[in-house]
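# Overview (structure and organization)
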Amino acid sequence: MRLVKRLGKAREMSLATARRRLPLLEPLVPGPSKGTRTEALDADGVNAVRITVPQARENTCVLHFHGGGYVIGSAALYRDFTWRIGAAARSSVLYFDYRLAPEHPFPAALDDAMTVYRWVAKRIDPKRLAFIGDSAGGGLALGTLYRLRDEGLPLPAAAVAISPWTDLALTGPSLQSNAAADPMMEATHLPATADRYLAGANARHPYASPLYGDASGLPPILLQVGSDEILRDDAVRMAERLKAAGCDAEIEVWPRMPHAWHLYARILPEGREAIARAGRFVQHWFSP
């Protein structure tokens, strides 16, 4: 990771190049465990994939908000993660492809998340539904909770935000203090990524940057972040805001972990432990 980061800093890759190269990695991502069923779905116009592990209980669902800076992401790149969180939560998992920036800037991703949530909530009791999101997906999951609450819709039972990007205004002290320690993320790349998504929108709009929203009335939320991440303070400050608003929020800062280390659970025992912890959290809040 450190080598790739150094090479990337020396020669920043264009978004078009990154999008061309990422599919080359998809065949290298291991498939799910034996007995897992994968089904492509149309969720009211949004492409989605349902992953059902043998351990999944009926009528439960974890809605997965993928990361990728709002500009990249695919179900194939997450297939070694989605089945693991499904097994840990004893639930089916629904991954969905929200529209990507810069072609579809804010609030397109949020609109798609709302569409998918309404589709799922017609089929599964929200009390047996949970959100999980990593990186930009973590911020999107939190922004979706705000909008659901603001529109008076039923909220899911719980949410897990993994290394969430909650502040597109980029004010977190860890962006500088962890710049050298973070083995993966390059802080100098974030302004352009934020601009692609915002396209002139207010960087402190709470649906884009949940750190600046009114966090009252949200369901229980677990935040997990690595101590060495440049986005560490996005999670820490978000947890503080949630707790100040009276929410049942927990924050876990994992020593020396990289950004969204859960995605490397096949080789990182800490990734497997963090996923297990997230699964237990979700199970605890699911309605019986």
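My aim in this report is to walk through the structure given alongside it, one point at a time. Computed from a predicted model, the values in this text were never measured in an experiment.

## Focus: the pairing of strand E1 (residues 37-43)
Alignment of E1 against strand E2 (residues 46-52), held across seven bridges, turns out to be antiparallel. By the bridge assignment for E2, Asp-42 is matched with Asn-47. Taking the residues between adjacent antiparallel strands as the criterion, E1 and E2 are bridged by two residues, where Asp-44 takes a positive phi near 55 degrees.

## What to know about the pairing of strand E3 (residues 61-65)
E3 sits mainly inside the fold: five of its five residues count as buried. Covered by surrounding structure in E3 are Cys-61, Leu-63 and Phe-65 together with Val-62 and His-64, the residues of both alternating faces. Relative to strand E5 (residues 129-134), E3 runs parallel, the two being bridged by five bridges. Paired with His-64 across the strands is Ile-132, a residue of E5.

## Concerning the nonpolar core
Among the nonpolar cores identified, the biggest contains 59 residues, and Leu-94, Phe-96, Phe-131, Tyr-197 and Leu-242 are the most heavily contacted of them. Per-element tally for this core: the top contributor is helix H4 (residues 108-121), with eight residues. Apart from the residues lying within four places of it in its own chain, the contact partners of Leu-242 are Ala-215, Leu-218, Ile-221, Leu-223, Cys-247 and Ala-249.

Rules behind the numbers
Residues numbered from 1 in each chain as written. Predicted model: local features only at pLDDT ≥ 70, side-chain atom pairs only at ≥ 80, totals over all residues. Heavy atoms only, no water. Pairing = 2+ DSSP bridges. Helix = DSSP H or I, 4+ residues; strand = E, 2+ residues; numbered from the N terminus. Buried < 20%, exposed > 50% of the residue type's maximum accessible area, 1.4 Å probe, protein only. Core = buried A, V, L, I, M, F, W, Y, C linked by side-chain atoms within 4.5 Å. Contact = heavy atoms within 4.5 Å.

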